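Residues per chain are reported as follows:
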Amino acid sequence: MSQLPSETLHHLALPEGRITYTDSGHGPLVVLVPGMGDVRATYALLAPVLIEAGYRVVVTDLRGHGDSDTGFRSYGDAVTASDLVALVEHLAAGPAALVGSSMSGSAALNAAADRPDLVNGVVTLAGFYREAASPAVAALLRLVYRAVFAWPWGGAFWTWYVRSALSKGRPTPGLDERLTTLRATYRDRARLRSLRRLAVALDHRQAERRLSDVHTSVLAVFGSADPDFSDAAAELAYARETVDADGVVLEEVGHYPQLQAADEVLAVLLPFLASTTSGTDA
């Protein structure tokens, strides 16, 4: 689970540090973005198939995550969106289809609203289209996040939560190896600090406010067993209503459909990419 088709690391310099990405294949550009607390290997089952299908596949780490630098101080949906825009500009191969997991789906929507010239499609995998928590609850959650992601127990908490809550439903291929990677990652105090800063900074109202400015094609994939959504079908209906998304709810799938149901994700992802990237220069 830790290996992707290309492990040659590239770096994009940003004002607060560098984000790291891999770059494989040839064809229309597809950028794969992990969610909070995750690393590039979350796309190990999708990336090789997309490369074989004729796409240039770039898999990026979030700021402060994976192999990216840990000196960043600003985090969140809008900041991640600006990183995606900077990355597509840097690659000079856009427009790109952005595939975002969890909060990175929100960031991809925000990037599409900011720079429609650079984004020709957005795919959200358990992505957030709105903020479920009230301002009061959100403030309380920020206090909770500060506590549960503190040193030295924060990494152990996160790997426990990934296994026990976010991976509910169908078995996740390579889950033990995945958890070993995450556990090792968050033994690093600086990386745990980055995870904590992102968790505290997240507010999906940032993306929600921009949905009316999203005019590109959108594909939304949810899992029926995802604990982040009390009603996955209602979230899909909201995505359809706000951005005219196509989409699907996968049964007995949790927060990582790209891992738990890779074949079913590819069954909707490949036709979506074929339609959104048609006419894009290879």
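Before reading further, recall that the structure is shown in the block above.
Residues numbered from 1 in each chain as written. Predicted model: local features only at pLDDT ≥ 70, side-chain atom pairs only at ≥ 80, totals over all residues. Heavy atoms only, no water.

Asks: Even after reading the chapter, I still don't get the overall build of the chain, so can you show me in this structure?
Replies: Tallying secondary structure elements over the chain gives 11 helices and eight strands in all. Against the 2.2 N^0.38 benchmark of 19 Å for 282 residues, the chain shows a C-alpha radius of gyration of 17 Å, consistent with a compact globule. For the chain, the spread of C-alpha atoms along the principal axes amounts to about 50 × 40 × 35 Å. Expressed as a percentage of its 282 residues, the buried residues of the chain come to 56%. For the chain, long-range pairs separated by at least 24 residues make up 78% of all intrachain contacts whose partners lie at least 6 apart in sequence. Accessible surface for the chain amounts to roughly 11200 Å². Of this, 53% is attributable to carbon and sulfur atoms. Side chains of the chain carry 24 positive and 32 negative charges; the gap between the two charge centres is 10 Å. (Helix = DSSP H or I, 4+ residues; strand = E, 2+ residues; numbered from the N terminus. Rg over C-alpha atoms; globule rule 2.2 N^0.38 Å. Buried < 20%, exposed > 50% of the residue type's maximum accessible area, 1.4 Å probe, protein only. Contact = heavy atoms within 4.5 Å. Areas by Shrake-Rupley, 256 points an atom, 1.4 Å probe, with all protein chains shown as cover. Lys, Arg positive; Asp, Glu negative; His and termini not counted. Charge placed at Lys NZ, Arg CZ, Asp CG, Glu CD.)

Asks: Looking at this structure, I do not really get the pairing of strand E8 (residues 246-250). What am I missing?
Replies: Residues in a regular strand point their side chains to alternate faces of the sheet. Both strand E7 (residues 218-223) and E8 contribute to a ladder of five bridges, which runs parallel. Within the sheet, the bridge partner assigned to Gly223 lies in E8 and is Leu250. Following the chain from E7 across helix H9 (residues 232-243) to the adjacent parallel E8, one finds a crossover that is right-handed. (Pairing = 2+ DSSP bridges. Right-handed = clockwise from strand over helix to strand, strands pointing away.)

Asks: What should I look at first to understand the pattern of salt bridges in this one?
Replies: Oppositely charged side chains are able to pair whenever their charged atoms sit close together. Counted according to the given criterion, the structure contains 15 salt bridges. The partner of Asp176 in a salt bridge is Arg163, and the shortest N-O contact between them spans 2.9 Å. Of this pair, Asp176 sits in helix H6 (residues 175-185) while Arg163 is found in helix H5 (residues 154-166), placing the two residues 13 residues apart along the sequence. Overall, Asp176 belongs to the exposed group, its relative accessible area being 53%. A residue is classified by how much of its surface remains accessible, and Arg163, at 41% relative accessible area, is partly exposed. As a salt-bridge pair, Arg170 and Glu264 come within 2.4 Å of each other at their nearest N and O atoms. Here Arg170 is found in the loop between H5 and H6, whereas its partner Glu264 is found in helix H11 (residues 262-276), with 94 residues between them in sequence. (Salt bridge = Lys/Arg side-chain N within 4 Å of Asp/Glu carboxyl O.)

Asks: I would appreciate a short explanation of the environment of Ala233 in the present structure.
Replies: Tracing the chain through its elements places Ala233 in helix H9. Here the alpha-carbon distance between Ala233 and Val39, two residues 194 residues apart in the chain, equals 27 Å.

Asks: Explain the packing of helix H4 (residues 135-148) against helix H7 (residues 189-201) here, please?
Replies: Axes are the key here: two packed helices are described by the angle between their axes and the distance separating the axes. The contact between H4 and H7 brings their axes to 9 Å, and the two run at 170 degrees. Here H4 is positioned roughly antiparallel relative to H7, judged by the angle of their axes. Here Arg142, Tyr145 and Arg146 of H4 lie close against H7, whose contacting residues are Arg196, Ala199 and Val200. Grouping the constituent residues of the contact of H4 with H7 by class yields three nonpolar, no polar and three charged. (Axes fitted to C-alpha atoms, helices over the stretch in contact; angles between N-to-C directions. Parallel < 35°, antiparallel > 145°, perpendicular 65-115°, else oblique. Nonpolar A, V, L, I, M, F, W, Y, C, P; charged D, E, K, R; others polar.)

Asks: Honestly, the nonpolar core in this entry has me stumped. Any pointers?
Replies: The tendency in soluble globular proteins is for nonpolar side chains to be buried side by side. With 63 residues, the main nonpolar core has Val31, Met36, Leu98, Tyr129, Trp158 and Val218 as its most contacted residues. Residues contacting Val31, with those up to four places away along its chain left out, are Val58, Thr60, Leu87, Val88, Ala96, Ala97, Leu98 and Val99. Counting 24 residues, the second-largest nonpolar core is a separate cluster that includes Leu32, Tyr55, Leu125 and Val265. (Core = buried A, V, L, I, M, F, W, Y, C linked by side-chain atoms within 4.5 Å.)

Asks: For this particular structure, what's the right way to read the pairing of strand E2 (residues 17-24)?
Replies: Taking burial as the measure, the eight residues of E2 include seven buried ones, the bulk of the element. Two strands pair when backbone bridges link them, and strand E1 (residues 10-14) and E2 are joined in this way by five bridges, in the antiparallel orientation. Within E2, the residue paired with Leu14 across the bridge is Gly17. Linking E1 back to E2 in an antiparallel pair, the connection comprises two residues. Note that E2 and strand E4 (residues 56-60) share four bridges and pair antiparallel. Directly across from Ser24, in E4, lies its bridge partner Val57.

Asks: Would you mind showing me how to read the packing of aromatic side chains here?
Replies: Aromatic rings in a pair are described by how distant their centres are and how their planes are angled relative to each other. Taken as a whole and assessed by the stated rule, the structure comprises 10 aromatic pairs. Seen in terms of ring centroids, Tyr145 and Phe149 are 6.2 Å apart; in terms of plane orientation they differ by 45 degrees. Their pairing is tilted. According to the relative accessible area criterion, Phe149 is buried, its value standing at 3%. Between the aromatic rings of Trp160 and Tyr161, the centroid separation amounts to 6.3 Å while the plane-to-plane angle is 45 degrees, which identifies the pairing as tilted. Within the aromatic cluster, the residues linked to one another by ring pairs are Tyr145, Phe149, Phe157, Trp158, Trp160 and Tyr161. Stacked on the ring of Tyr238, the Lys or Arg Arg130 has its end atom at 4.0 Å from the ring centre. Residue placement shows Arg178 over the ring face of Tyr256; its charged tip is 4.3 Å from the ring centre. (Phe/Tyr/Trp six-rings, centres within 6.5 Å; stacked < 30°, edge-to-face > 60°. Lys NZ or Arg CZ within 6 Å of the ring centre and 35° of its normal.)

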